[in-house]
Number of protein chains: 2
Amino acid sequence: MTQPNPPFMTGVPELLLLRILEQQEMYGYQLVRSVKQVTAEAISLGEGVIYPALHGLERNGSLKSRRKAVGGRTRVYYSLTRKGKKRLAKLQDDWRRIQNGISTALEVPAHA
Amino acid sequence: MTQPNPPFMTGVPELLLLRILEQQEMYGYQLVRSVKQVTAEAISLGEGVIYPALHGLERNGSLKSRRKAVGGRTRVYYSLTRKGKKRLAKLQDDWRRIQNGISTALEVPAHA
DNA sequence: CTATATACCTTGTACTTCGAGGTATATTGT
DNA sequence: ACAATATACCTCGAAGTACAAGGTATATAG
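Everything in this summary refers to the structure shown in the same document.

Basis of the calculations
Residues numbered from 1 in each chain as written. Chains lettered and ligands numbered in written order. Predicted model: local features only at pLDDT ≥ 70, side-chain atom pairs only at ≥ 80, totals over all residues. Heavy atoms only, no water. Near = heavy atom within 4 Å. Polar contact = N/O pair within 3.5 Å; in protein donor to acceptor, adjacent residues only side chain to side chain. Helix = DSSP H or I, 4+ residues; strand = E, 2+ residues; numbered from the N terminus. Nonpolar A, V, L, I, M, F, W, Y, C, P; charged D, E, K, R; others polar. Phe/Tyr/Trp six-rings, centres within 6.5 Å; stacked < 30°, edge-to-face > 60°. Buried < 20%, exposed > 50% of the residue type's maximum accessible area, 1.4 Å probe, protein only. Lys NZ or Arg CZ within 6 Å of the ring centre and 35° of its normal. Contact = heavy atoms within 4.5 Å. Pairing = 2+ DSSP bridges. Buried area = accessible area lost by both parts, 1.4 Å probe. Salt bridge = Lys/Arg side-chain N within 4 Å of Asp/Glu carboxyl O.

Take the protein's contact with DNA strand D next. Around DNA strand D sit 29 residues in total, of which A:Tyr27, A:Tyr29, A:Glu47, A:Arg75 and A:Val76 are the nearest. Put simply, 66% of the atoms of DNA strand D that lie within 4 Å of the protein are in sugar or phosphate. A:Tyr51 is positioned such that a nitrogen or oxygen atom in its side chain is 3.0 Å from a phosphate oxygen of DNA strand D. Measuring from a phosphate oxygen of DNA strand D, one finds a side-chain N or O atom of A:His55 at 3.2 Å. Looking at the surface near DNA strand D, the elements with two or more residues in it are α2 (28–38), α3 (47–59) and β3 (73–80) of chain A together with α3 (47–59) of chain B. Counting residues per element, the surface near DNA strand D draws most heavily on α3(A), which supplies 5 residues.

The following block contains the structure:
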């Protein structure tokens, strides 16, 4: 077991999912691989993170889903709603603000 | 009340506090202002965040404190231990990894 | 002499990520 | 034919975490 509440991960699943689904419709199992890929292996989210996140996002109206049978198996494809686009924009702003703040704090050793 | 568990903030107080105290000893009330300053106003942490964080960091051996009377008032100054320096290094690594992953994910519109 | 700034602190709330475990069908290897 | 793996969905409990609000007390400023 990794430690719970790992640093800097709060909000990251939500941001990544919305960002990926903004570009194209995808299903859960596929998103597990896609997250790894688009972050250049830097971030990996398990199914225990992806599925609940997807459900929450759909519940609050950021995503909509449709079921699709593919070779005897059922996939649930998710895509962004208008609300999801707004949510993504806000999360990106939050991210950039915090990212800037921390960058500023980490540069300038000042004691050199 | 702001929403609980705000996005991207998990681990940020710990990182910021360790980073600032790495450069110089400070007391809690002073750190509230310092955090704002070193992040160029991008991030602001209240006393309800700072004090518990300081206590936790001291409890786990990352910080040491000494009390100092200043004009009839008592201040508790905190500074980094060897363990705190290691913890800071690890947090910085985590931060950079995630920051890189998200940057990669956010660039390339690809659908342009 | 009252209001504000300094300086410390605690409590409760409302989240969150994560691993582990569970079901079922299709595909691949032998 | 049969076993193992990959695909595809899901739930639950654990262990935190940041935050606002509220509380105490002393010094300084209006």
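Taken together, 29 residues surround DNA strand C, and among them B:Tyr27, B:Tyr29, B:Glu47, B:Arg75 and B:Val76 come closest. Here, DNA strand C places atoms within 4 Å of the protein, and 68% of those atoms are sugar or phosphate. In this structure, A:Gly72 approaches DNA strand C through a main-chain N or O atom, which is 3.4 Å from a phosphate oxygen. Within the side chain of B:Arg73, a nitrogen or oxygen atom sits 3.1 Å from a base oxygen of DNA strand C. When residues of the surface near DNA strand C are traced back to their parent elements, those giving at least two are α3 of chain A together with α2 (28–38), α3 and β3 (73–80) of chain B. Take the surface near DNA strand C: its biggest share by element is 5 residues, from α3(B). Taken together, the residues of the surface near DNA strand C break down into 12 nonpolar, 12 polar and 5 charged.

Our next topic: the packing of aromatic side chains. Per the stated rule, a full pass over the model turns up 5 aromatic pairs over all chains. Considering the side-chain rings of A:Phe8 and B:Trp95, the 5.3 Å spacing of their centres and the 75 degrees angle between planes classify their relative orientation as edge-to-face. Of this pair, A:Phe8 sits in the segment before α1 (12–23) while B:Trp95 sits in helix α4 (residues 82–106), which puts the two residues in different chains. Here the two residues A:Phe8 and B:Trp95 agree in accessibility, since each one is buried. Ring pairs connect the aromatic residues A:Phe8, A:Trp95, B:Phe8 and B:Trp95, which therefore count as one cluster. One cation-aromatic arrangement involves A:Arg66 over A:Tyr77; the distance from NZ or CZ to the ring centre is 5.8 Å.

Moving on to the side chain of B:Arg19. The topology assignment puts B:Arg19 in helix α1 (residues 12–23). Polar side-chain contacts of B:Arg19 include one of 3.1 Å to the backbone oxygen of A:Ala105. Polar contacts involving the side chain of B:Arg19 include one to the main-chain carbonyl oxygen of A:Glu107, which spans 3.1 Å.

Next up on the list: α2(A). Residues and elements named next belong to chain A. Every buried residue of α2 is accounted for by Gly-28, Leu-31, Val-32, Ser-34 and Val-35. Lining the buried residues of α2 we find α1, β1 (26–27), α3 and β3. Remark: Ala-40 follows α2 within two positions and exhibits a positive phi of approximately 55 degrees.

This part takes up the sheet that holds β3(A). Residue and element names in this part refer to chain A. The strand order β1-β3-β2 describes an open sheet built from 3 strands, whose pairing is antiparallel. Each edge of the open sheet is held by one strand with a lone partner, namely β1 and β2 (63–70). The pairing of β2 with β3 spans 8 bridges and is antiparallel. Within β3, the position partnered with Ser-65 by the bridge is Tyr-78.

Residue-level contacts link 34 residues of chain B with 34 residues of chain A. For the pair chain B and chain A, the two sides together bury roughly 3400 Å², of which 67% comes from carbon and sulfur. When the buried surface of chain B facing chain A is broken down by residue, B:Phe8, B:Trp95 and B:Leu106 rank first, second and third, together holding 24% of it. At the surface where chain B touches chain A, the tally comes to 0 salt bridges. Where the side of chain B that touches chain A is concerned, the elements lending two or more residues are α1 and α4 of chain B. It is α4(B) that provides the largest number of residues to the side of chain B that touches chain A, a total of 13 residues. Considering only residue class, the side of chain B that touches chain A consists of 19 nonpolar, 10 polar and 5 charged.

Function cannot be inferred from these measures alone, as they are strictly geometric.
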